[in-house]
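Topology and contacts: notes
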Amino acid sequence: MASSAVSKKLATTTGVALLSLSLLTSLVLLSAAIQNSERFGILFSFLLVTNCLGLLSFLILLIININRLVGQLRRRQPGARLTLRMVIIFIALSVLPMLVLYGFSLDFLNRGVDSWFDARIDLALKDALELSKNSLDLRMRGFLAQTEELADELGRGAAGGAVLNLNALRNPNSTVVSNNWEATTSDLDYLRQREGADELSLASAQGRILETSSNGTELVPTQPAAATLLQLRQGHSYIGLEPQGTEGLFVRVAVNVPGTGNSSEQKIVLALFPLSARIKSLASNVEHAYEKYHELDYLRERLKISFRMTLTLVLLSSIAVATWAAFFSARRLAAPITALAAGTLAVAEGNYTTTLPVTSNDEIGLLVSSFNAMTNRIANAHAEIESQNRYVNTLLSELSSGVLALDHNSVITTLNDSGRQILDLGDSPAVGLPLSSLTEHREHLKPFVEGIQTRRIGEAPRWQHEIQIFNREGRRILMCRGTALKFGENIDSGHVIVFDDITALAKGQRDAAWSEVARRLAHEIKNPLTPIQLSAERLRQKYLSKMAPADAETLDRLTSTIVQQVETMKSMVNTFADYARPPVINYEQIDINGLLSAVVDLYKTANPEAQFRVDLAAFLPAVSIDASRFRQVFNNLIKNALEAHPSGSPASIAISTRDFLDSAGHYVEIRLADAGAGIKSDMEGSVFEPYVTNKTRGTGLGLAIVKKIVEEHGGIVSLQNNEGVGACAIIQLPLQTLAQRQQNEIDRKAS
Amino acid sequence: MSPRSVAYILCYLLALAISPSDARDALGVQISGKVANGLYYVTAALPIVLSPEVEEAVKNGVPLQFVFDFRINRSRRYLWDEELLSVRRSCTLERHALANKYVVTDLITHRSTVAGSIAEALEMLGHLTEIPLGKAQRLITVPPLIGTARGQLNIEALPAPLRPIAYLTPSWHLKSPRLKWQVLP
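Remember, it's a predicted structure, so these values are computed and weren't measured experimentally. (Residues numbered from 1 in each chain as written. Chains lettered and ligands numbered in written order. Predicted model: local features only at pLDDT ≥ 70, side-chain atom pairs only at ≥ 80, totals over all residues. Heavy atoms only, no water.)

Scanning chain A for helices and strands turns up 18 helices and 17 strands. The 751 residues of chain A split such that 39% are buried. (Helix = DSSP H or I, 4+ residues; strand = E, 2+ residues; numbered from the N terminus. Buried < 20%, exposed > 50% of the residue type's maximum accessible area, 1.4 Å probe, protein only.)

Written out as structure tokens, the structure reads:
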């Protein structure tokens, strides 16, 4: 791939170099052609077109380069602006001197061409031409006189119907005797030779050649022109210089032969006289010089235009080549820097394995080498960090504790699998979102989020707090330990919170503690109760009959009280024993409404004065619970409600059930409200603790047992004051199938 | 070649010789052809008119070269015309300052004729007499045969500095339309 790119670049460069060379050669030839070079003159148009095409090729190349650069600039490609700057600098450095040179060259050109033409030379040439004409005029007049004399000689003897004095035509040296009185070629030859003419013809007035004699190879004599004939018809002789191809100048004379009849029968003598070789040469030189100078003078402006055009072509070609060279050089120079910029961008985008080819041994090469070393080190460091991250992530995923890391803006940066599981997030995204976003569609996480935010705002670098949430599995207790992260001096870099679901642990610990207390109490109290009861009964049995009636009555009353109280204490001890006993729950699908109605009916019977307002939801789903234990729950709550009313006033108890669905799951709720004294403010947080009661009688275990049983079923119970009078107990039980309950129970026991 | 073919050719040549085609248009263009000595000759009289710019150039000593192109083609319906005979004649017209005359020179025969004025020179230039186009035997083919003639100023023969301007200036584009005459058997 790289070698093909290099080959392509080499081919392009070679092509452009050849094109430049061709253009240069063509320009040189054009310059030669425009100076009327014999060799290249015929190629002028071809060279001009070739140069224009070459220039056009370079312009196309330039347009392609400019278009490519504009595209790179629009795409904000690395190195494009640098290339643009370098191109502008190169062009300015090359084009400005060229333009200056062009301006001066144009000026010199105009002056140079003008200097060729001088009025004195012009005048001298005109004078030379005039001199030549005058000189020739003398000779021409001589030829005219000679020809007119010949014509006179021919016409003088014409008589008696003869049109010519044929005697004059006779060659005196001829031995041929002819009786034919017609002019013959040999006669004309004689006269032509005698007169020293090159051509001698006898013609009619209409220009028809009657006889001719010539010393050349021309078979056909030159016919007189119409203008010549017209001049002769007007009685004037004709004489003129006639250039004859390569043979030079001749003098043509045409005169009428006098006395040869009327105008239609008029004969004319046509003679062509040569000039001497010397005169021909001189005249030709003068004429040639004059013509050339005159032609050049006429072409002066066109010559200037042509020179300007050639110079402009040279300038444009030079500019085009220089501009292309500027593009080429700029790209070549900027290529390593462009590659460096692209490499830097790649590194910035996270491609740390970027390496650049080192193409030179100069400073740029050193820079590229340093860049490669740097990216190599970054890649190694990044790999190490990635490895450590993977290690940490593996550790975090294997941790049973939830780990939540926040940045200084309370955005979640890390949340391990256990954390997601504890918070019941499922597959919902969390990392990268604000902590508060956890509560969206998850109302049960509100205490968790608020608890963390409250303590995060606090200044304690480390904190620990127990947070309760209530999800579809019921109440969960989360032990959260937070640590503020500070990188550098007093810079808030975030927070890391480690949290555990200690619901089972806390419950187990509490149950175990209270069970131990209850067990000890039962053990310590129950043991002496039987001897006390037996002793009291024995005292009564032994002394009641022996005592006076008044004393006997007192003894009977006292021993009865002792026995009665001992029974009460036994009952209390049994209650303690019940609380301390490990729960054995027999789950079954129970209709809460039915169970509640049965319990309420018992109390209605026993307390006819009490008002029970029962509002049970229709179609309440069955709940998987232990019916006997929940009967105890309802007993304890109704009993508490009845006892909460002041004596003498009729009790009023409102009982209602409903089911509801929220983000944590599907629940059944039981509300039991009384119109009693309500909860004292100092007891609000501890009404469900054992031995906490505001009644003068009672064990203080009623509500504790309620809470214990409800929590054993995964539910939650709360007690709050009504807005008016009295308090309301609220039980929320998750709707779980029997199988789920049993599985939860197995999990709970296992944990 | 059979005697019958020879006789046919001779009859055809004779027919060509005795019935020369002739064309003359409203501008005075006259073209005629004839067969003599086995050759086909064209005689044409083409009126040549110079634009003022060209005339000024001649008067200032710039030689002009005119090219006359004569062709005889056989028309074909589905293919381009077949060229049977063709000839190019070039003549120059230049001023002779010393003689104060204009010289017309045929560049093939190198014969010069001298005229006292440009008009006379142009008339001489336009009179092309008995230009041999080639062997008349080539014309023995299926008619129609179309003769075409065109005369034009050869810009390439102008002095180099004048050529770009001549190419770019319409007044220098002296070119006659392609004149046609029908060569009849």
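The discussion continues.
To continue, consider the nonpolar core. Ranked by size, the top nonpolar core spans 48 residues in total, and within it Tyr40(B), Leu50(B), Phe70(B) and Trp172(B) carry the most contacts. Grouped together as the second largest cluster of nonpolar side chains are 46 residues, Ile592(A), Val623(A), Ile653(A) and Ile670(A) included. (Core = buried A, V, L, I, M, F, W, Y, C linked by side-chain atoms within 4.5 Å.)

Right, let's get into the packing of helix 2 (residues 44-74) of chain A against helix 3 (residues 80-116) of chain A. Residue and element names in this part refer to chain A. In the contact formed by helix 2 and helix 3, the axes pass within 8 Å of each other and the chain directions differ by 140°. Classified by the angle between their axes, helix 2 and helix 3 sit oblique to one another. In this structure, helix 2 uses Leu69, Gln72 and Leu73 to contact helix 3, whose residues at the interface are Ala80, Arg81, Thr83 and Leu84. Residue composition of the contact of helix 2 with helix 3, by class: four nonpolar, two polar and one charged. (Axes fitted to C-alpha atoms, helices over the stretch in contact; angles between N-to-C directions. Parallel < 35°, antiparallel > 145°, perpendicular 65-115°, else oblique. Contact = heavy atoms within 4.5 Å. Nonpolar A, V, L, I, M, F, W, Y, C, P; charged D, E, K, R; others polar.)

Residues and elements named next belong to chain B. On the basis of which strands lie adjacent, the open sheet formed by six strands has the order 7-6-5-4-9-10 and antiparallel pairing. A single partner strand is all that each edge strand has here, and the edge strands are strand 7 (112-115) and strand 10 (179-183). Across the sheet, the mean angle from the axis of one strand to that of its neighbour is 20°, orientation sign disregarded. Relative to strand 7, strand 6 (residues 101-106) is paired through four bridges, and the arrangement is antiparallel. Bridged to Val103 within strand 7 is Val114. Across the face of the sheet, helix 2 (residues 52-59) comes into contact with strand 4 (64-74), strand 5 (82-96) and strand 6 while running at roughly 55° to strand 5. (Pairing = 2+ DSSP bridges.)

As a further point, take the packing of aromatic side chains. Residues and elements named next belong to chain A. Taken as a whole, this structure holds eight aromatic pairs over all chains when the rule is applied. Aromatic pair Phe630 and Phe634: ring centres 5.9 Å apart, planes at 65°, arrangement edge-to-face. Taken together, the residues span about one helical turn, with Phe630 and Phe634 both in helix 16 (residues 627-644) at a distance of four residues. What links up through ring pairs into an aromatic cluster is the set Trp116, Phe117, Tyr293 and Phe307. Here Arg302 stacks its cationic end above the ring of Tyr298, 4.3 Å away from the centre of that ring. (Phe/Tyr/Trp six-rings, centres within 6.5 Å; stacked < 30°, edge-to-face > 60°. Lys NZ or Arg CZ within 6 Å of the ring centre and 35° of its normal.)

Moving on, we come to the interface of chain B and chain A. At the junction of the two partners, chain B supplies 29 residues and chain A supplies 35 residues. When chain B packs against chain A, the two sides together hide about 2600 Å² of surface, and 62% of this comes from carbon and sulfur. Interface area lost by chain B to chain A is led by Asn60(B), Leu98(B) and Pro161(B), which between them contribute 26%. Taken together, the links from chain B to chain A amount to one salt bridge. A salt bridge links Glu291(A) to Arg95(B), with the shortest nitrogen-to-oxygen separation between them at 3.7 Å. Inspection of the chain B/chain A interface yields four residue pairs in polar contact (both at pLDDT 80 or more). (Buried area = accessible area lost by both parts, 1.4 Å probe. Salt bridge = Lys/Arg side-chain N within 4 Å of Asp/Glu carboxyl O. Polar contact = N/O pair within 3.5 Å; in protein donor to acceptor, adjacent residues only side chain to side chain.)

Let us look at the environment of Gly714(A). Counting through the fold element by element, Gly714(A) comes out in the loop between helix 17 (702-712) and strand 16 (716-721). Sequence separation of Gly714(A) and Gln732(A) is 18 residues, and the distance between their C-alpha atoms is 9.0 Å.

For an α-helix, 3.6 residues make a turn, and residues three or four places apart therefore share a direction. Here helix 8 (residues 277-298) of chain A spans 31 Å end to end across 22 residues, near enough to the 32 Å set by a 1.5 Å rise per residue. Every buried residue of helix 8 of chain A is listed here: Ile279(A), Lys280(A), Ala283(A), Val286(A), Glu287(A), Tyr290(A), Glu291(A), Tyr293(A), His294(A), Glu295(A) and Tyr298(A). (Expected span 1.5 Å × (residues − 1).)

All right, on to the pairing of strand 5 of chain B then. All names here are of chain B. Note: strand 4 against strand 5, eleven bridges, orientation antiparallel. Along strand 5, the bridge assignment pairs Phe70 with Val87. The turn linking strand 5 back onto strand 6 is made up of four residues, and Asn100 within it adopts a positive phi angle of 55°.

It is worth spelling out the environment of Leu404(A) at this point. Residues and elements named next belong to chain A. Take Leu404: it is sitting in strand 6 (residues 402-406). On a C-alpha basis, the gap between Leu404 and Gly419 in space is 7.0 Å, while along the polypeptide they are 15 residues apart. Residues within four places of Leu404 in sequence aside, it is in contact with Ile412, Thr414, Leu415, Leu435, Phe448, Ile452, His495, Val496, Ile497 and Phe499.

Turning our eyes to something else, we now look at the packing of helix 8 of chain A against helix 9 (residues 300-348) of chain A. Residues and elements named next belong to chain A. Helix 9 packs onto helix 8 with a crossing angle of 60° between their chain directions and a minimal axis gap of 4 Å. By the angle between their axes, helix 8 is oblique relative to helix 9. When helix 8 is examined against helix 9, the residues Leu296, Asp297 and Tyr298 are found in contact with a partner set consisting of Arg300, Arg302 and Leu303.

Further remarks concern the confidence of the model for chain B. Residue and element names in this part refer to chain B. When the pLDDT values of chain B are averaged, the result is 79; 84% of them are 70 or greater. When mean pLDDT is compared element by element in chain B, helix 2 scores highest at 91, while helix 1 (residues 3-18) scores lowest at 38. Predicted confidence is poor over residues 1-27, with pLDDT under 50, and the contacts of this stretch with residues over four places away or in other chains come to 45 contacts. (pLDDT = per-residue confidence, 0-100.)

Residue and element names in this part refer to chain A. The five strands lie next to each other as 2-1-5-4-3, forming an open sheet whose pairing is antiparallel. Two strands close off the open sheet at either side, each with one partner strand: strand 2 (209-214) and strand 3 (238-243). Mean inter-strand twist for the sheet, computed between neighbouring axes without regard to direction, equals 15°. Pairing of strand 4 (residues 249-256) with strand 5 (residues 267-274), which is carried by seven bridges, proceeds in the antiparallel orientation. Considered in strand 5, the bridge of Val253 is made with Ala271. Packing of helix 7 (residues 226-233) onto the sheet brings it into contact with strand 3, strand 4 and strand 5, and relative to strand 4 it is tilted by some 40°.

Turning next to the confidence of the model for chain A. Residues and elements named next belong to chain A. Averaged over every residue, the pLDDT of chain A is 80; residues scoring 70 or more account for 86%. This model gives residues 159-163 a pLDDT under 50, and the stretch forms three contacts once residues within four places in sequence are excluded. Note on residues 174-182: pLDDT is under 50 here. Beyond four places in sequence and across chains, it has seven contacts.

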